[in-house]
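Architecture at a glance
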Amino acid sequence: QTTAANIIPTCRSHSKMSTPEEAAAADPAITALTEQISKLGVSIAEAKQAKKPKEEWDPLLKEMLALKLEYKAKTGQEYGPKKEEKKPKGDDSQEASEKNKEKRAKKAAEKAAKEEKKRKQREERERIQREKLEKLKSAANEDWSHVFGDAPMIQSATKSEEGVNKWTRIETLSKEMEGKKVLVRGFLHTARGVGKGAFVLIRSSLYTVQCVAFESKDIPSAMIKYMNGVPVESIVDVYGTLTVPANPVEGATQSLVEVQVEKFHCVHKATAAMPFQMEDACRPDLVKETDVGAYDHEANASAEGGRVGQETRLDHRWIDLRTPANQSIFRVQSMVCTLFREYLLSQNFIEIHTPKLLSGASEGGADVFTLDYFGKPACLSMSPQLHKQMAAACGGFERVFEIGPVFRAENSNTRRHLCEFTGLDLEMAIVEHYDEVLDVLGDLFVYIFDGLKEKCGPELQRVKE
């Protein structure tokens, strides 16, 4: 009976999957087993809380695990509270509450709104891309040669009614001409692209002006790329409207105005690589060259600090002449000769031109360059002195002058000595006193200096810079 009584509760508890408390209530042995497991659990928890070493409470843990196995053998189930069964996914037996329904509906609406927004953004991007492609296709098919590109070679086949007056000289551009259409020609000094725009600096002799173009319905993107791609020092024609910028343009002589480009054509494209940059050639020399000692070609071939050496300048003289300083030097030289001629003509002088190939030296005290003149000895003229005296004193001209070359074979111990130079010579007959010559010379120099100050202000300033 005892065995049967012990077996029956066990089977009943197994069939019902009772808790340890239910199993203990049905069988006193299970009750004692449950109490032992509980006490061991409390002891182990207290030991862990007291941070005792594992060696002290590990035997208790092993004993408790052994009792749990015994409990499982007697009851047929694990010791501890019954675990709740997981609800199967997709179980429609339990309907969601109204609150959950609202949350899911709200999330679904937000998700749909995001998807709709993404769809509209995608359609907008596709539309913009499609319009861009159509625009590029239309631009490619359209002939823009009247707006930009390489100009045909000038062959004097046609002539406009305006002629050279069709072009506006850069130095004449001023803010009083705001709104006027202008056509300028010059060297492409610099070109830089900024976003969908192009900024180019056009140079003619001493003067520069900035020209600006931005992509629009009348200016295709291909024109912007073309403007930025033209090599520097190419000769270009720019047509556009003259405007006054909000701030003065730094780096341009005509800083108060700029040209809004409407047409841009390259008249002659620079094909060879530049031996040096014009910005470097325009920089002033920091070190003054000495005039004594042997000339060192290698030392003057290059210069530091982004500057161009003397040898490089002379090897490419036709490019070096484009710099504002050299342009100014030649203009000042030309004006000196012009003023010299103007004053002497006003004083009843006559300009003569004397020969430069002579059979002998025209004056003593200087060596001459000799040469063979068809089997006869000859030399280059070292001075027009002989012929001036012949014309003024003997020929009856009384007052003569000449502007011409002079050659002297003087091997001086200087780096730059006057073997060849342009002489400004005058000769006059004295009527009563030699003070007549001093008066002419004094007034001549005053006339030249006043004229340079009045007519060559920009050039003198460039030379000083």
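Read on for an overview of the structure. Please read all numbers here as calculations on a predicted model, not as lab measurements. (Residues numbered from 1 in each chain as written. Predicted model: local features only at pLDDT ≥ 70, side-chain atom pairs only at ≥ 80, totals over all residues. Heavy atoms only, no water.)

Moving on, we get to the sheet that holds strand 10 (residues 376–380). On the basis of which strands lie adjacent, the open sheet formed by three strands has the order 8-10-9 and antiparallel pairing. Among the strands making up the open sheet, the edge pair consists of strand 8 (357–358) and strand 9 (370–373). Two elements, strand 8 and strand 10, share two bridges in a ladder whose sense is antiparallel. If you follow L358 over to strand 10, its bridge partner there is C379. (Pairing = 2+ DSSP bridges. Helix = DSSP H or I, 4+ residues; strand = E, 2+ residues; numbered from the N terminus.)

Let us now look at the pairing of strand 5 (residues 235–243). The pairing of strand 2 (residues 181–194) with strand 5 spans seven bridges and is antiparallel. Residue pairing for strand 5: L183 is matched across the bridge by Y239. When strand 5 meets strand 6 (residues 258–268), the two strands line up antiparallel, connected through nine bridges. What sits directly across from L242, in strand 6, is V259.

Now for the nonpolar core. Residues L173, I202, V238 and F264 are the most contacted members of the largest nonpolar core, which totals 31 residues. Listing elements by their share of this core, those giving two or more residues are strand 2, strand 3 (197–204), strand 4 (207–214), helix 6 (221–229), strand 5 and strand 6. Beyond its immediate sequence surroundings of up to four residues, V238 is in contact with V182, L183, V184, I202, C211, V259, V261, K263 and F264. Residues V332, M335, V440 and I448 belong to the second largest nonpolar core, which totals 17 residues. (Core = buried A, V, L, I, M, F, W, Y, C linked by side-chain atoms within 4.5 Å. Buried < 20%, exposed > 50% of the residue type's maximum accessible area, 1.4 Å probe, protein only. Contact = heavy atoms within 4.5 Å.)

Bringing the side chain of Q254 into the picture now. Among the secondary structure elements, Q254 is positioned in the loop between strand 5 and strand 6. The residues touching Q254, leaving out its near neighbours within four places in the chain, are I170, E171, L173, Y207, T208 and V209.

Right, let's talk about the sheet that holds strand 12 (residues 420–428) for a bit. What links the strands of a sheet is backbone hydrogen bonding, and the strands pair in either a parallel or an antiparallel sense. One open sheet holds the three strands; their spatial order is 7-11-12, and the pairing between them is mixed. Looking at which strands have only one partner, the edges of the open sheet turn out to be strand 7 (350–351) and strand 12. Looking at chain direction, strand 11 (residues 399–407) and strand 12 are connected through nine bridges and run antiparallel. Considered in strand 12, the bridge of V406 is made with F421. Contacting strand 7, strand 11 and strand 12, helix 10 (residues 324–346) crosses the sheet at an angle of about 155 degrees to strand 11. Against the sheet, helix 11 (residues 385–394) contacts strand 11 and strand 12, and its axis sits at roughly 25 degrees relative to strand 12. (Axes fitted to C-alpha atoms, helices over the stretch in contact; angles between N-to-C directions.)

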